[in-house]
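The lines below spell out each chain.
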Amino acid sequence: MIRAAGVAEVTDADFEAEVIGAELPVLVEFTADWCPPCRQMGPVLSALAAEEGERLKVVQLDVDTSPDTTLAYRVLSMPTFMVFKGGEPVKAMVGARPKRRLLEELADVL
């Protein structure tokens, strides 16, 4: 998987610990190597992780290597962004977007 700099990768094995059990809100990008819009989001996620790291944890999950989590949250399109707060998904957004728009969409959960 093409990882964004400064963004951790989570898998089916550690999703519970890294996302559900996290103290901060977590932005999960459901991504795939074969998805060009997902690759476009790399620099955006890196910048977001660097700027909002105190308030938001940013992670990526490869849908091909973690099918259980992908199915559990009914993710059908890549990239899908899901925000988890207190162990629950509170927001979902589908498709690539500029950082400014992503920040606006995250404002109510940060």
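Described below are features of the structure shown in this document. (Residues numbered from 1 in each chain as written. Predicted model: local features only at pLDDT ≥ 70, side-chain atom pairs only at ≥ 80, totals over all residues. Heavy atoms only, no water.)

Some thoughts on the overall build of the protein chain
Tallying secondary structure elements over the protein chain gives four helices and five strands in all. In the protein chain, the succession of α and β elements from N to C terminus is β-α-β-α-β-α-β-β-α. Here the C-alpha coordinates of the protein chain stretch approximately 30 × 30 × 20 Å along the principal axes. In the protein chain, which comprises 110 residues, the share counted as buried stands at 45%. Counting only contacts in the protein chain whose residues sit at least 6 apart along the sequence, the fraction spanning at least 24 positions is 72%. Surface accessibility of the protein chain: about 5600 Å² in total, with carbon and sulfur atoms responsible for 53%. (Helix = DSSP H or I, 4+ residues; strand = E, 2+ residues; numbered from the N terminus. Buried < 20%, exposed > 50% of the residue type's maximum accessible area, 1.4 Å probe, protein only. Contact = heavy atoms within 4.5 Å. Areas by Shrake-Rupley, 256 points an atom, 1.4 Å probe, with all protein chains shown as cover.)

As for the pattern of salt bridges
Counted according to the given criterion, the structure contains seven salt bridges. Note that lysine 99 is salt-bridged to glutamate 51, the shortest N-O span being 2.6 Å. With a gap of 48 residues between them, lysine 99 in helix 4 (residues 99–106) and glutamate 51 in helix 2 (residues 36–52) connect regions that are remote in the sequence. For lysine 99, a relative accessible area of 26% corresponds to the partly exposed category. Accessibility expressed as a relative area gives 45% for glutamate 51, which makes it partly exposed. In this structure, glutamate 105 engages arginine 97 in a salt bridge whose closest nitrogen and oxygen atoms are separated by 2.6 Å. Here glutamate 105 and arginine 97 have matching classes, each one buried. (Salt bridge = Lys/Arg side-chain N within 4 Å of Asp/Glu carboxyl O.)

Structural notes on the environment of glycine 86
Along the chain, glycine 86 turns up in the loop between strand 4 (80–85) and strand 5 (88–94). Here glycine 86 falls in the exposed class, since its relative accessible area comes to 70%. Separated by 65 residues in sequence, glycine 86 and glycine 21 place their C-alpha atoms 7.5 Å apart.

A short note on the nonpolar core
The biggest cluster of nonpolar side chains holds 17 residues, and the ones touching the most others in it are Phe15, Val19, Val26, Val28, Phe30, Met78 and Phe84. Counting residues per element, the ones that place at least two in this core are helix 1 (15–20), strand 2 (26–31), strand 3 (57–62) and strand 4. Per-element tally for this core: the top contributor is strand 2, with three residues. Among residues more than four places away in sequence, those in contact with valine 26 are Glu18, Val19, Leu56, Lys57, Val59, Met82, Val83 and Phe84. The next biggest cluster of nonpolar side chains, apart from the first, holds 16 residues, and it includes Ala4, Leu48, Met93 and Leu106. (Core = buried A, V, L, I, M, F, W, Y, C linked by side-chain atoms within 4.5 Å.)

Some thoughts on the side chain of serine 46
Along the polypeptide, serine 46 turns up in helix 2. With sequence-adjacent residues up to four places away left out, serine 46 is seen in contact with Ala4, Ala5 and Val7.

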